[in-house]
Amino acid sequence: MSDLDLLTQSLARSVKRWRAERGFTLETLAARAGVSRGMLIQIEQARTNPSLGTVVKIGDALGVSITTLLDYEQGPKVRIVPADQAVRLWHTDAGSYNRLLAGAEAPGPLELWDWRLMPGESSPSDPHPAGTVELLHVTAGELTLTVDGVEHRVPAGASATFEANVPHTYGNDGAVPMEMMMSVSVPPVS
């Protein structure tokens, strides 16, 4: 079985489990996440590999991190994630990518990401739930961070934080690869 098949099956189990735990019908979760009921059915039956954006929307609607959605079994209080087990959820042929390094529920989802954007590439993100905060640190190149239509330049060595409940885009307008570490904190579902 391929890594993608294992990921698809794990996601199917987790979405079903968390939807049941929250007491959400398919219709309720679809409305909260802004995805179709049909898409949720395909995900829960492990018949599709949804986009990163769709997985983020479902996680936000359920109030759990992507790590939790992709790892049904809860581990011990200390969890070590070997480098080769970081989950790459997005990549381009040019070499841009993001990797989910680790995550926790504290009390809402908390995620740690490793990003690389090649020159001229960007990755847009839909708004997250109100109260979501992103904290990032650029380690190489320069990030062009666009938050709610306003561009901000974040050079290597600098950090930024912002409320992520508005559209935002990570971009590299420079001539060298941009690398950053980012954490995302999502409030718990009420």
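Residues numbered from 1 in each chain as written. Predicted model: local features only at pLDDT ≥ 70, side-chain atom pairs only at ≥ 80, totals over all residues. Heavy atoms only, no water.

### Describing the packing of aromatic side chains
Under the criterion given, the structure shown has two aromatic pairs. Ring geometry for Trp90 versus Trp115: centroids 5.6 Å apart, planes at 40°, classification tilted. Taken together, the residues Trp90 in strand β1 (residues 87-91) and Trp115 in strand β3 (residues 109-117) connect sequence positions 25 residues apart. Of the two residues, Trp90 and Trp115, both sit in the buried class. With a centroid separation of 4.8 Å and 50° between ring planes, the pair formed by Trp115 and Tyr170 is classed as tilted. Of the two residues, Trp115 sits in strand β3 while Tyr170 sits in strand β9 (residues 168-171), which places them 55 residues apart along the sequence. An identical accessibility class is assigned to Trp115 and Tyr170; each is buried. Feature note: the residues Trp90, Trp115 and Tyr170 constitute an aromatic cluster, connected by ring pairs. Lying over the aromatic face of Trp18, Arg17 brings its terminal NZ or CZ to 4.6 Å of the ring centre. (Phe/Tyr/Trp six-rings, centres within 6.5 Å; stacked < 30°, edge-to-face > 60°. Helix = DSSP H or I, 4+ residues; strand = E, 2+ residues; numbered from the N terminus. Buried < 20%, exposed > 50% of the residue type's maximum accessible area, 1.4 Å probe, protein only. Lys NZ or Arg CZ within 6 Å of the ring centre and 35° of its normal.)

### Focus: unusual backbone geometry
A positive phi is found at Ala46, a non-glycine position, where the angle reads about 55°. Structurally, Ala46 is set in the loop between α3 (37-44) and α4 (52-62). The phi angle at Asp148 is positive, at roughly 55°, despite the residue not being glycine. With respect to the helices, strands and loops of the structure, Asp148 is situated in the loop between β6 (142-147) and β7 (150-155).

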